[in-house]
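The chain contents come next:
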Amino acid sequence: MSAGMRLTTLVTAICVSLGAGTNYVYSAYSPQLGARLGINHTKLNFIALAGNVGVYSSGPIWGRLIDVRGPRIAMAGAFFLLLIGYGGMKHMYDTGDGASTITFVLLLVFGYMTGSGGNAGLSGAVNATAKSFPEALRASATSLVLSGFGLSAFFFSSISRILFPGDTSSFLLVLSLGTALPMIAGFFFVRAVPPVEHDSAESNGQGDVAYGRTSDVEAPPVVVGDGSRTPLLREHPNSPLGHGHVRSPTTPAIEYIPEALAAVELSPTRSEPSRSIARSLSRARSAKERSVLRPGLIEPNIYGRALWCTAEFWLLFVILALLSGTGLMYINNVGSMAQALYSAPSTTEKTIGYESYQATQVSAISLTNCLGRILIGLLSDFMSRPASSPAFCSFRPLPRSAMLVVVSSLLLLSQLVAISISSVENLWAASTLLGLSYGSIFGIYPTMCIEYFGLAHFSENWGFISLAPMVGGNVFSVAFGRNLDAHSDSASAPALTAPASAGNECTLGRACYVDTLYLTTVGCLVALGMSVYLSWRDRRRTEGAEYEPVDVQSDEESEEED
């Protein structure tokens, strides 16, 4: 029964994420929006940034709400925000009131709503999936959900291109309805179905208090000497903790009632079980004290102010700001890049309009974005597991942070390729590399967030880390827009086979934007260096070079000592 519910949650979560990632399709209609309303490239970038700000600034809010109340409220909010956001953009496009201040402000508001709504749906889907699968499969399961987020742009742009070719108004209508309706399914079917791995361990006579990761649903029972299971704490109406008291599931039971250890040891009727319980609780307390130093014993539970005081948080934050900022800049402006390359003087005659090249870039980024999210999850799960085959017994597991080195290198390569491209026909190569690396970023980061800071407050913590793309995306995207506007020459713009634009095209080809690519290349180099340092730091920690190992004795050894 639980397996079927878990599968239903996974499939529905993928559908929800498919409707939540339409911010990546912005470059497919932004030039037409600017042409219709007379908006220059800098303002178009601000509209794109409003969507990105909606995604990332709402992260902590949605995350906290989902951690406390579950995903249903977030799904309902996503439905209304996406429906109104894209519906409002369609209305503005249809009326074509021009580049007035009110029009621009309303577009900013609608862009923010689409971003916030998409993030609400994705956060609920990822949270429920992460809590429904054991650690060994968690990265793979969440990467499948996140792959739908990356595939969203290709899915909706393909529908529009097949059913409504060249009709931007109908495209916006498809976005309005197609993104909102999956959230209704998510409202009813996306829910956390806790894994049963700790239950099967108990049936084999192994308790989870000292040796494994605890469930995020209920406090694990304590295994006593005769094989029975006795909950350490029971709810009582007169308990000072009360029924509303909720503690982290990763907190050892000894910290609920500090006197429990002594009370158990003094029990005259069950002395042998008491000593077993005492030893388990003592180990749990020792392991918890070192869980931040030696990951893998008891799942950490870091949140709130403590989160902002950890070095790992700031390393992850800055790396994500640089990498995702580069990706967002490219994704939001690849349509303008294609237009600039198309408009440049060329000796070869172009037989198709620049809109076809725009669609090619969106499809390439979306498909490889999806592929990157799947591959990085599978690869990180494989590389972080101990070798189970004798043929690979010499293989030492790598920390998941090592995957950031791979991702940073791919993104750096995409920028170098983009710098070298001077023909619109070859732009797909840079788009493919960028989509693969950008998808890999968000395929691995949620799992790393859980590994460093725990599952109990995952959505809240991930919401804070998700503020990073808002910083990097703002800096790089605004720089791109200003650079492109500075090189624009409306007087010399040739007539395009596509609909007329706002009259501010740049006809210099690669020179219109290459300075911004130099900036993002430097950012990727810095992120690569920080990723190497984080991976080296985690590897040293895993190997125990910095901290002594936790001494966990077996019951038999402890009884012999007694």
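Residues numbered from 1 in each chain as written. Predicted model: local features only at pLDDT ≥ 70, side-chain atom pairs only at ≥ 80, totals over all residues. Heavy atoms only, no water.

A.B. asks: Looking at this structure, how should I read the overall build of the chain?
C.D. replies: Of regular secondary structure, the chain possesses 20 helices and two strands. Looking at the chain as a whole, 56% of its 562 residues qualify as buried. Within the chain, counting contacts between residues at least 6 apart in sequence, those at least 24 apart form 81% of the total. Total accessible area on the chain stands at roughly 23600 Å², and carbon and sulfur atoms take up 62% of it. (Helix = DSSP H or I, 4+ residues; strand = E, 2+ residues; numbered from the N terminus. Buried < 20%, exposed > 50% of the residue type's maximum accessible area, 1.4 Å probe, protein only. Contact = heavy atoms within 4.5 Å. Areas by Shrake-Rupley, 256 points an atom, 1.4 Å probe, with all protein chains shown as cover.)

A.B. asks: How should I be thinking about the pattern of salt bridges in this particular structure?
C.D. replies: Once their charged atoms are close, side chains differing in charge can pair, the charge on each being opposite to the other. Under the defined criterion, the tally for this structure stands at three salt bridges. A salt bridge links R64 to E460, with the shortest nitrogen-to-oxygen separation between them at 3.4 Å. Of this pair, R64 sits in helix 4 (residues 59–69) while E460 sits in helix 17 (residues 458–465); the two residues are 396 residues apart in sequence, bridging distant segments of the chain. The class of R64 is partly exposed, set by a relative accessible area of 42%. (Salt bridge = Lys/Arg side-chain N within 4 Å of Asp/Glu carboxyl O.)

A.B. asks: Whenever I open this one, the confidence of the model for the chain confuses me. Can you help?
C.D. replies: Segments scoring low in pLDDT should not have their predicted coordinates read at a detailed level. Scored by pLDDT, the chain comes out at a mean of 75, with 70% of its residues at no less than 70. Put simply, helix 10 (residues 260–265) is where the chain has its lowest mean pLDDT, 40, and helix 5 (residues 72–95) is where it has its highest, 94. Within the model, pLDDT remains below 50 along residues 389–393, and this stretch shows two contacts once partners closer than five positions in the same chain are excluded. Taken as a whole, residues 490–503 scores under 50 in pLDDT and shows 24 contacts with residues more than four places along the chain or in a different chain. (pLDDT = per-residue confidence, 0-100.)

A.B. asks: Is there a simple way to explain empty space enclosed by the protein in this structure?
C.D. replies: Where empty space is left in the structure can be found by rolling a water-sized probe over the atoms. A complete count under the given rule lists eight cavities of 30 Å³ or more for this structure. Of the voids in this model, the largest cavity is the one considered here, and its volume is about 230 Å³. Looking at the largest cavity, it is lined by 19 residues, and the ones nearest its centre are V55, Y56, N119, L122 and F149. Among the elements of the structure, helix 3 (41–57), helix 6 (101–130) and helix 7 (135–163) are those that each provide at least two residues to the lining of the largest cavity. For the lining of the largest cavity, the per-class residue count stands at ten nonpolar, eight polar and one charged. (1 Å grid on protein atoms, 1.4 Å probe; cavity = no way out; pocket = protein on both sides within 12 Å on 5 of 7 lines; lining within 4 Å. Points joined across faces, edges and corners; volume = space filled by probe spheres on them. Nonpolar A, V, L, I, M, F, W, Y, C, P; charged D, E, K, R; others polar.)

A.B. asks: Please clarify how the environment of I14 should be interpreted in this entry.
C.D. replies: Mapped onto the secondary structure, I14 falls in helix 1 (residues 2–20). I14 sits in the partly exposed class, given a relative accessible area of 28%. The spatial distance from the C-alpha of I14 to the C-alpha of L144 is 7.0 Å, given a sequence separation of 130 residues.

A.B. asks: Sorry, what's going on with the nonpolar core here?
C.D. replies: Buried together is how nonpolar side chains tend to be arranged in soluble globular proteins. Core analysis: the biggest nonpolar cluster contains 124 residues, and Y29, L316, Y330, I441, Y445, F453 and I465 have the highest contact counts within it. It is helix 13 (residues 311–343) that contributes the most residues to this core, 19 residues altogether. If sequence neighbours within four positions are ignored, Y445 has contacts with L316, I319, L320, L404, W462 and I465. (Core = buried A, V, L, I, M, F, W, Y, C linked by side-chain atoms within 4.5 Å.)

A.B. asks: Where do I start with the side chain of T447 in this structure?
C.D. replies: By the element assignment, T447 lies in helix 16 (residues 427–453). The contacts of T447, once residues within four sequence positions are left out, are A139, T142 and R400.

A.B. asks: Help me out: how do you make sense of helix 1 in this one?
C.D. replies: In an α-helix there are 3.6 residues to a turn, and that puts residues three or four apart on one side. Taking 1.5 Å of rise per residue, the 19 residues of helix 1 would be expected to cover 27 Å, and the 26 Å separating its terminal C-alpha atoms lies within 8% of that figure. Residues of helix 1 that are buried in the fold lie against helix 5, helix 6, helix 7 and helix 8 (168–189). (Expected span 1.5 Å × (residues − 1).)

A.B. asks: Any chance you could explain a nonpolar patch on the surface here in plain terms?
C.D. replies: On the surface, a cluster of nonpolar side chains totalling about 550 Å² of accessible area is made up of L173, L177, L181, I184, F188 and F189. Relative to the helices and strands, I184 is located in helix 8. (Patch = residues over 30% accessible without salt bridge, like charges linked within 9 Å, V, L, I, M, F, W, Y side chains within 5 Å.)

A.B. asks: When you look at the packing of aromatic side chains in this model, what are you seeing that I'm missing?
C.D. replies: To describe a pair of aromatic rings, one takes the distance between the centres and the angle between the planes. Counted by the stated rule, this structure contains 16 aromatic pairs. Considering the side-chain rings of W314 and F317, the 5.8 Å spacing of their centres and the 65 degrees angle between planes classify their relative orientation as edge-to-face. Taken together, the residues W314 and F317, both in helix 13 and three residues apart, mark about one turn of the helix. Overall, W314 belongs to the partly exposed group, its relative accessible area being 39%. By way of ring pairs, the aromatic residues W308, F313, W314, F317 and F464 are connected into one cluster. Above the ring of Y93, the side-chain terminus of R36 is found at 5.2 Å from the ring centroid. The ring of F104 carries the charged tip of K43 above its face, separated from the ring centre by 5.4 Å. (Phe/Tyr/Trp six-rings, centres within 6.5 Å; stacked < 30°, edge-to-face > 60°. Lys NZ or Arg CZ within 6 Å of the ring centre and 35° of its normal.)

A.B. asks: Help me understand the packing of helix 3 against helix 18 (residues 468–486) in this model?
C.D. replies: When two helices pack together, their arrangement is given by the angle between the helix axes and by the axis-to-axis distance. Contact geometry for helix 3 and helix 18: axes closest at 9 Å, N-to-C directions at 175 degrees. Here helix 18 runs roughly antiparallel to helix 3, going by the angle between their axes. Where helix 3 abuts helix 18, its residues H41, T42, N45, F46, L49, V53, Y56 and S57 lie against P469, M470, G473, N474, S477, V478, F480, G481, R482, L484 and D485. Here the contact of helix 3 with helix 18 is built from residues that sort into nine nonpolar, eight polar and two charged. (Axes fitted to C-alpha atoms, helices over the stretch in contact; angles between N-to-C directions. Parallel < 35°, antiparallel > 145°, perpendicular 65-115°, else oblique.)

A.B. asks: Quick question: what am I supposed to make of the environment of N127 here?
C.D. replies: Residue position: N127 is located in helix 6. Residue N127 is classed as buried on the basis of its relative accessible area of 4%. Separated by 331 residues in the primary sequence, N127 and F458 have C-alpha atoms spaced 7.4 Å apart. Once residues lying within four places of it in the same chain are set aside, the contact partners of N127 are I66, D67, F458 and S459. Within the local environment of N127, its side chain forms a polar contact with the side chain of D67, the two groups lying 3.3 Å apart. (Polar contact = N/O pair within 3.5 Å; in protein donor to acceptor, adjacent residues only side chain to side chain.)

A.B. asks: Honestly, the environment of S147 in this entry has me stumped. Any pointers?
C.D. replies: By the secondary structure assignment, S147 is in helix 7. On the basis of relative accessibility, which here comes to 6%, the residue S147 falls in the buried class. Taking C-alpha positions, S147 is 9.7 Å from G21, a pair spaced 126 residues apart along the chain. Excluding residues that lie within four positions of it along the chain, S147 makes contacts with C370, R373 and I374.

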